[in-house]
Every structure is written in C-alpha cells, then in structure tokens.
Amino acid sequence: EDKVGSGDKNGPESARGDLNLKPAALKSDNVEAPAALKSDGVEAPSAAKPAEESPAALKSDDVEAPPATKPADLIELQADEVMKLPAKSFDALGAKTADLKRMQADVLDDEQPAKPGTDVLKPPTNEKSLKQSATTEQKISLADALLDVCENDSQLQETLLRDTGNFANNLAVLLRASVMTSAMSDVSLPTPKTLYPEGHDFAKYSMLNTLNIDVMTREDGSNGRRKFEALARDLHNYCKERGEELSFETWNNYKYVLLQLPVEKPLNESDKWFKKYQLIEKTLDTVLVGDDMAAKIQCMLEYIVMRHGDAARDALVEMGMLPKVLDVYEMSATMEAANIGITQWRQLVQCFKEYMNIDKISVSEDAWRKLGSDVGEIKTGVFSYVKNKKKGTRKENAVWWSMDPRAEFERNLADFANQCPDFDPKRIGAIQAIYAGDHGQGKHRFACKNVVHMLVDDGNGGLKQDKSQEPHTVIYPLADIKASKDTCEVFKGTIHQHLATGINQIVHGKVLFEKVEVTDKEGKQWKCTVIDKEHAKFDVETSEVVDAEPFMIGDLKYYSQMLGKEDFDSSWCCHCQLKYAEWQGLNDAVGAPWTLDLLRAQHVANERPPKATGVAMKGVREIPLFDIPVENYIWPILHTLIGIGNNILAYLVDYADNFIQLLPSQQVRLKKDVKILDKKIDEERASIAHFDSANTGSGKEMLKIAKRKIREMKSAINYVEGEAKEKLQKDIDEKEKEVSSLEAEREAMSKELERLKKEKSSKTEKLKRFKAARKIDANSLYTGIDLILKKYGINRAEYHGGDLTGVHVKKLMESAKEITDDIRDYLIGSLH
C-alpha cells in the first residue's frame, strides 16, 4: 500500500474509485475467470486451486511454494507488462474506445498525438517508453481499460495473447480481472498456478508452464513427449483449419514459419513425398522474397554446390545433367574409336573447356600414360556376363583394357639397353619375362616383370655369371579387368586374346638387338625386336640374338584357369596327373608330369562322344590359354605357406579343444560354423560393395543408366504417335522391368547379408552359453593360444575368417620353434 500511494496524494482509495470493479472479484479463493476468456473455444487460464490440488512440483517437501505476491507488487507488475505490448496491439485497442487515447497519452510518450476524430492510435516506436510523470493510478487505469475491452472480444484477446511474446504468462494473469480488482482491496489471492517454480529450468517457458498438463518433462512413464507432440498436432490442425500459417516471432521481430515435413522416407520414393508436400517450393517461397522461381533455385543450387560440391556434382553426373569424367579405360576407348592420338586429344579437351565451360572431361594425361605411355596400342572394351547363373540371369559388365605384351616387352628392353653404359648384347646371360595375374577388390590385374641377368668378365678374357650382382628388373602393367567375378569366362571374354598373341610370340621367338638411327636422337640407339623362325637371323649364332624365357606366377586357382583346369585346383595337381587322394598320401607319390601337348590331348579325348566326366576328365576342361610350358609355372610358395600355416594352427586348436579342454562336439561344430559364416559374410559384403560402386558395369551404374533412359523416353513419348509411340512405350516397359530386377537383386543381397549375420549371431550366442556354463570364457585355450601368437606379432585377421594372412604366416614360420614351445608349455600347464 505504501508503494501504491507513493507520489500520489489520492492514495489507494482514489485508485479503487477510478476502476470499474467486477462482482466476480469478491468471490471465494477459487476465483472464476471472466467470460471473455472462454469465448470462441479459447480456454481460460486455470484459476488458482486450493493447496491440495497444487502441482507436484509445488508439493514437494524439498521445494517450497513461492510466497504470495503483495497487492502493490502486482499492480506495478501488471501495469508495466501492458506497456511492453507491441505497437500493433494498441492500434487494435485504440479503435475500441476513445478513453484509451487519453489514457495512453497520460502514460506513454507520444511525439505525434492522435488527431481528433481518428480511430487508430499511433503508439510510440519504443514499446517500453513510459513517461516519468505517469502515476501508478494512470498505469492501472490503462490496464483496467484494456481488460474491459478484451472481456467481450475473444478475437482481440487472441491478438494480445499472440503479440505478448515472452510475456504471455503475465498477460494471462493480467486478463483475470479478479487479480486487478483484488489488488485494490485488502483481500490476498493465492499465487497463480504454474507447473514449475521460479528458478527451475522449465520455468522460463512461461506459456508451457501455465498449461494444465506437463508437456516438458521427459521422465520415464510421464509420456511428456507424447503430450508435447499432441499439443503440436493441435496447433498445426488449428492453423490449418483457419488457413493460417503456424509461425512465431522473436523479441527482435524475426518471423519463423513451421512447415510440415515427413521424416525417414526411402530415397527411391523421394519424388512422391517431394510432390505431395511441395517441400522445395514451400521452403523457397517461405524463406526467399519474390516470385522469381528461377532466381530462388539458383540461390539454392549455389548453396548446395558451395556446401556439398563433390556430392552435388556426382548427383548431377548420375542424372546425366553433367558429363562424367572419363577414366583411363573410357579415355583410351574414345581415342581408339576416333582414331586420334594424344595431341588431338589435347585439342579436343581445350575445345570443350573454351566453348562449353567444361574444365575436365577425363583423367589426366599422366594417368593415361601410366597404362604404358603412348608407345604401343591400347585395346579397351566391355564384356557382358551373367554374374550368378544359379540365382538369376542379370548381366553384369566387365570393363577392360590391355596393351600388346610384345610391344611393351621390346620397349622396356630397349630402354634398359640405351640406359646401360657400354651395353653389349653378348654380356646378357638370360632374359626372363615373368607374367603374373591376381584378382582382388573387384579388379583383375595382369602384369609382367622383365629380368635381365648380365655377365661379368672372368679375368681370362671370357664372361661369367656373378650371383652377387643384382639383375636388372622392371615391372609394368599389361591389362586390367573391372569385374566382381574372377572366372575363365570373364578372362577369355576380355583380355585373353589380346595378351595371348604377344605372349605366345615371345614364347616361340628370340630377341634381336641392333643399333639404328632414331629421329631427334644423337647417334644410334639400341632397338629391341622379338623375331620368329621366319627371320633371317633366328637360327644364326650371333651375340645380337638372345633367347627369352617366359614364366607364369599366381595362386593355384589362377594356374588352374590358365592351364584349362578351372575349378579343379583343389582336386587335381597343376603339375602332375595325380588327384587329391593320391598326392595327399603319406607315400609321397610322384605323378607323371603334365605338358602342353598332354593337356591338349586330354581335352580332345574328353570331348569325344560320349564326353568324359568325373575322374576320367583328369581335371581338364579345355586347352591351356597360353603356350608357356607347364614346368615354367612357378610354384606359389607364399600361398602354399599360407595354407600349411593355417592348417597347422587349426589342427593345434582342434587338438586342444578335443583332447585337452574336452569341449562338447556341438561347441566345436559351432566354432567351425561361425568361421565359415565369417567368410560368407565377407563375400556378400564384397558383392554389395561392387554393386554399389561407381565402376562402369556395376549394378548401381546400370540402375542409373536405366532410370535416365526411362526419363528421356517418358519425355519424348508425348511428341510421337502411332507405332513409334507403341515402340517407345514397349522400350519404357522393358527398362522399368530392368530397374525392378536390379532393385530386387540389391534388396536380396541385403537380406542375404542380414540372414548370414543373424545366423552368425545366433551361433555366437550359443557359443557364449557353452562358455558361460563351463566358465571358460576368459580362460579358454583358444584365447590363450591367441595371446601367445600376439606376443610374436601374429594376429588372426577377423576379415579373413580367423585365418593368418601371408605376413603373419611368415612370422609363424620364422619363429616356429619358439612359438610351438610356448604353446606346448601352456597346454601342459592347463592340464594341472
């Protein structure tokens, strides 16, 4: 009361006299809200309830309810809050009563008073500007007048509620006339109901804090999130029915609009959801000003390219809207098809850059030259094959390139001769061409290693071999195949014929060294040529002609393919005619060696009616792919060591499980099953990786091309009629079937991977139960042996099915004595 009366000679009684007191204010503590707040479906704020109905937050023994606010404090609080209303609220209110004009002039600074007869007030630009001379009674009079106006006008009431921003809670209290009238009396009312007391983190959300349900809590069992979503849904539906946008403004007048967006929709259904919700259009129209959609799209594209440049370019390339960058295969194929060399290619690239603003159409010239420089012809192509004939008929493309083995062999020998000081062909002891093939990570690589052994003077005018002197070696690629499968079908359909011609010429020929004049070179240069029996110097004893011996190296699978014995590498020996049961015997049986002639004769015999089957075939399917002698297929020592090392380790672990730890047979089987499943999972993941790769011929690439063709044909079908239209529709149907088949295959691969993972998980869980039951989880012999191996730097690769890789097998062999002694002592110790 002292505060109300300060600076005012009339005191509180005068203040009460100026107000239009309402009878509802004189009721009991459970005060009823004014009727204005209930109209048009607007729920009035809950009146304060008795203490026993207070929210849990106020009943807690640890949290004490805030003390009731004194009447004088309420007067200052509510009157000042009214002053914070945005200017447009006063515009609306000014049209309601002329008294507000006078009250506003008394309380607020206004450099431009309203003209007589005007219905709309001109409030000050500063919403919080109060006259220093304004008395408390004047403030209260203005607040009460606002209440009178709002009481029977729900639309204006909603406007005020919306415009108050962060002061919504205080305004809700203000709009209860009982609070204002009781402030002028001696009656003390309870504190307005809130869910959380002042000081709580949630108390700052004033509007949510005055709801009769708690939508902010996220405690278990509270369903707070579901209640919050229900509130948001009601707000959305409310605005939708009235044709309003769901929006809000910040204290600094920034406006934000909430858009309805679907979530977690599949990528392949993007067109459907983008079209249904008009996501892009609504976003651009809401955020950016104007009707120029082209300008808006340009802004969006500039942002995407700036923030996600690589991904944006890749997507545009996939859609066919940007040209793709040619890889070395495609670049070589283009040059071959156009019959142009690297000079003309440079001019072509420059034209694209100058006239079409395309900075890059292919890989660099350096990358292209790594294929073998511009010496020799580069062949490229695409071969279609059925990836899995058992599971389906979809074809996959294998992209390949190859160079002439003879031309590359001659060029590398000539380079060596011209770079070697005082080179003389008679000092050559031997020339070896070692050809190697291997498949991994979706690519088959075929390369060659030239080895030249030089002789030294023996001190007696002759020449001798010096084993301490390193031979000259050079390794260069000859061919590549991008394909997920490593089969003879793919090899023969791509690079085989291009390689076989040149390699067979080296096998049956000799190397001629001669000095020749070379353009742009000072003096004569050494030239190297592979000659055949038709050449005049082939049989002449001269130091200029040197024999070259070819070899082949790879793993056993590769050998079986090159020798015409595909898929028999685990049953029949590559070098002799013994089968598995014979060459695995302990008597160390020696079989009759294979020769090229014998392999060819066996194939002819197998093809005679009735065709041979089973053991009668002796593991021969077709004639050898190259003329390299069988004895020149170098035995793959590393691959042999990998097999032996892993077999030794597996036998050791099996022995420990069965005879020392005495594991149940079911547990042993489960361990083997898990190991097999690991390998199958790796294979399935590799297949998925190849399908999803950007390589030409991959499933993803074929999907992209098919979808682009469908879009192009659907755009064109509207401009044709008759038979042309029917044919185009038929082509569209075929392409859509292809897309469905590819998508079904990709989905089947994912399902198969998930099935394998679930099966492995199930078996692994059973293994854990076995271990838990026997209490051997941490102290199993398998774990103990692993720890010993790790001490020597040997790790069983999980991605390799738990087997040792080549590097670790070498370590096992190098420290075999120490490792096996440690494992022996460990196993003996586990018996006690």
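What you see is a predicted model; the values in this text were computed from it and never measured.

1. A short note on helix 15 (residues 293-307)
Moving on, step 1. Over its 15 residues, helix 15 runs 21 Å from end to end, which matches the ideal 21 Å to within 8%, given 1.5 Å per residue.
Moving on, step 2. For helix 15, the side-chain oxygen to backbone nitrogen distance between the N-cap and Ala294 is 3.3 Å, and the N-cap itself is Asp292.

2. Quick notes on unusual backbone geometry
Moving on, step 1. Pro610 follows Pro609 through a cis peptide bond whose omega is -10°.
Moving on, step 2. Looking at the secondary structure, you find Pro610 in the loop between helix 25 (596-607) and helix 26 (637-660).
Moving on, step 3. We note that Asp422 has phi near 50°; this positive angle belongs to a residue other than glycine.
Moving on, step 4. Given a relative accessible area of 75%, Asp422 falls into the exposed group.
Moving on, step 5. One non-glycine residue, Asp567, lies in positive phi territory at about 75°.
Moving on, step 6. Its location among the elements puts Asp567 in the loop between helix 23 (556-562) and helix 24 (580-583).

3. Here we look at the pattern of salt bridges
Moving on, step 1. Counted under the stated rule, the structure contains 29 salt bridges.
Moving on, step 2. Linking Lys537 and Glu544 is a salt bridge whose minimum nitrogen-to-oxygen distance equals 3.1 Å.
Moving on, step 3. Residue classification places Glu544 among the partly exposed positions, given a relative accessible area of 28%.
Moving on, step 4. The shortest N-O distance in the salt bridge between Asp597 and Arg600 comes to 3.3 Å. Residue Asp597 and its partner Arg600 are located together in helix 25, separated by three residues, close to a single helical turn.

4. Describing the packing of aromatic side chains
Moving on, step 1. If you walk through the whole model with that rule in mind, you get 11 aromatic pairs.
Moving on, step 2. Considering the side-chain rings of Phe416 and Phe423, the 5.9 Å spacing of their centres and the 80° angle between planes classify their relative orientation as edge-to-face. Considered together, Phe416 and Phe423 belong to a single accessibility category, that of buried residues.
Moving on, step 3. An aromatic cluster is built from Phe416, Phe423, Phe513 and Trp526, whose rings are joined through pairwise contacts.
Moving on, step 4. Over the ring of Phe228 we find Arg218, and its NZ or CZ is 5.6 Å from the ring centre.
Moving on, step 5. The ring of Phe538 carries Lys510 above its face, with NZ or CZ at 4.7 Å from the centroid.

5. Things to note about a nonpolar patch on the surface
Moving on, step 1. Judged by side-chain polarity, Ile297, Leu301, Tyr303, Ile304 and Met306 come together as a nonpolar surface patch covering roughly 470 Å² of accessible area.
Moving on, step 2. Along the chain, the position of Tyr303 falls in helix 15.

6. Details of the nonpolar core
Moving on, step 1. Membership of the largest hydrophobic core comes to 53 residues, with the highest contact counts inside it found for Phe409, Tyr435, Phe446, Phe513, Met552 and Phe626.
Moving on, step 2. Ignoring anything within four residues of it in the chain, the contact list for Phe446 reads Tyr435, Ala436, Gly437, Pro477, Leu478, Ala479, Asp480, Phe491, Ile495, Leu499, Ile503 and Tyr558.
Moving on, step 3. Counting 15 residues, the second-largest nonpolar core is a separate cluster that includes Ile660, Ile794, Leu812 and Ile823.

7. Focus: helix 31 (residues 806-814)
Moving on, step 1. Within the span of helix 31, buried status applies to Gly806, His808, Val809 and Leu812. The buried residues of helix 31 occupy an angular sector of 160° when the element is viewed end-on, so they sit on one face. Of the residues in helix 31, the exposed ones pointing more than 90 degrees away from the buried face are Val807 and Glu814.
Moving on, step 2. In this structure, the buried residues of helix 31 make contact with helix 26, helix 30 (781-791) and helix 32 (816-830).

8. Some words on the pairing of strand 4 (residues 395-403)
Moving on, step 1. Among the nine residues of strand 4, seven are classified as buried, and the element is accordingly described as predominantly covered.
Moving on, step 2. Relative to strand 8 (residues 472-482), strand 4 is paired through four bridges, and the arrangement is antiparallel. Paired with Ser402 across the two strands is Ala479, which belongs to strand 8.

9. Regarding the confidence of the model for the protein
Moving on, step 1. A residue-level look at the protein finds 71% of positions with pLDDT of 70 or above and a mean pLDDT of 74.
Moving on, step 2. When pLDDT is averaged over each helix and strand of the protein, the minimum, 36, is found for helix 2 (residues 11-18) and the maximum, 94, for helix 22 (residues 496-508).
Moving on, step 3. Long-range and interchain partners of residues 109-132, a stretch whose pLDDT sits below 50, account for 41 contacts in this model, where long-range means more than four residues apart.
Moving on, step 4. Predicted confidence is poor over residues 163-189, with pLDDT under 50, and the contacts of this stretch with residues over four places away or in other chains come to 62 contacts.

10. Some thoughts on the environment of Ala312
Moving on, step 1. The residue Ala312 is located in helix 16 (residues 309-318) in this model.
Moving on, step 2. Remark: the alpha-carbon pair of Ala312 and Leu301, spanning 11 residues in sequence, is separated by 8.9 Å.
Moving on, step 3. The residues contacting Ala312, other than those within four sequence positions of it, are Ile304 and Val305.

11. Let's talk about the environment of Lys524
Moving on, step 1. Along the chain, the position of Lys524 falls in strand 10 (residues 524-531).
Moving on, step 2. According to the relative accessible area criterion, Lys524 is partly exposed, its value standing at 47%.
Moving on, step 3. For Lys524 and Glu514, which are 10 residues apart along the polypeptide, the C-alpha to C-alpha distance reads 9.5 Å.
Moving on, step 4. In contact with Lys524, not counting residues within four places along its chain, are Lys515, Val516 and Glu517.

12. Concerning the packing of helix 26 against helix 32
Moving on, step 1. Taken N-terminus to C-terminus, the directions of helix 26 and helix 32 make an angle of 15°; their axes are 12 Å apart at the nearest point. Relative to helix 32, the element helix 26 is oriented roughly parallel. In the crossing of helix 26 with helix 32, the sense of the turn from one axis to the other is right-handed. Mapping the contact onto sequence places Leu652, Ala656 and Ile660 in helix 26 and Ile823, Leu827 and Ser830 in helix 32.
Moving on, step 2. Partitioned by chemical class, the residues of the contact of helix 26 with helix 32 number five nonpolar, one polar and no charged.

13. Things to note about the side chain of Gln602
Moving on, step 1. Mapping Gln602 onto the fold places it in helix 25.
Moving on, step 2. Gln602 sits in the buried class, given a relative accessible area of 14%.
Moving on, step 3. For Gln602, the contacting residues outside a window of four places in its chain are Trp594, Ala616, Met617, Lys618 and Val620.

Thresholds, definitions, all that
- Residues numbered from 1 in each chain as written.
- Predicted model: local features only at pLDDT ≥ 70, side-chain atom pairs only at ≥ 80, totals over all residues.
- Heavy atoms only, no water.
- Helix = DSSP H or I, 4+ residues; strand = E, 2+ residues; numbered from the N terminus.
- Expected span 1.5 Å × (residues − 1).
- Polar contact = N/O pair within 3.5 Å; in protein donor to acceptor, adjacent residues only side chain to side chain.
- Buried < 20%, exposed > 50% of the residue type's maximum accessible area, 1.4 Å probe, protein only.
- Salt bridge = Lys/Arg side-chain N within 4 Å of Asp/Glu carboxyl O.
- Phe/Tyr/Trp six-rings, centres within 6.5 Å; stacked < 30°, edge-to-face > 60°.
- Lys NZ or Arg CZ within 6 Å of the ring centre and 35° of its normal.
- Patch = residues over 30% accessible without salt bridge, like charges linked within 9 Å, V, L, I, M, F, W, Y side chains within 5 Å.
- Areas by Shrake-Rupley, 256 points an atom, 1.4 Å probe, with all protein chains shown as cover.
- Core = buried A, V, L, I, M, F, W, Y, C linked by side-chain atoms within 4.5 Å.
- Contact = heavy atoms within 4.5 Å.
- Arc of directions from axis to C-beta.
- Pairing = 2+ DSSP bridges.
- pLDDT = per-residue confidence, 0-100.
- Axes fitted to C-alpha atoms, helices over the stretch in contact; angles between N-to-C directions.
- Parallel < 35°, antiparallel > 145°, perpendicular 65-115°, else oblique.
- Left-handed = near helix turned anticlockwise from the far one by under 90°.
- Nonpolar A, V, L, I, M, F, W, Y, C, P; charged D, E, K, R; others polar.

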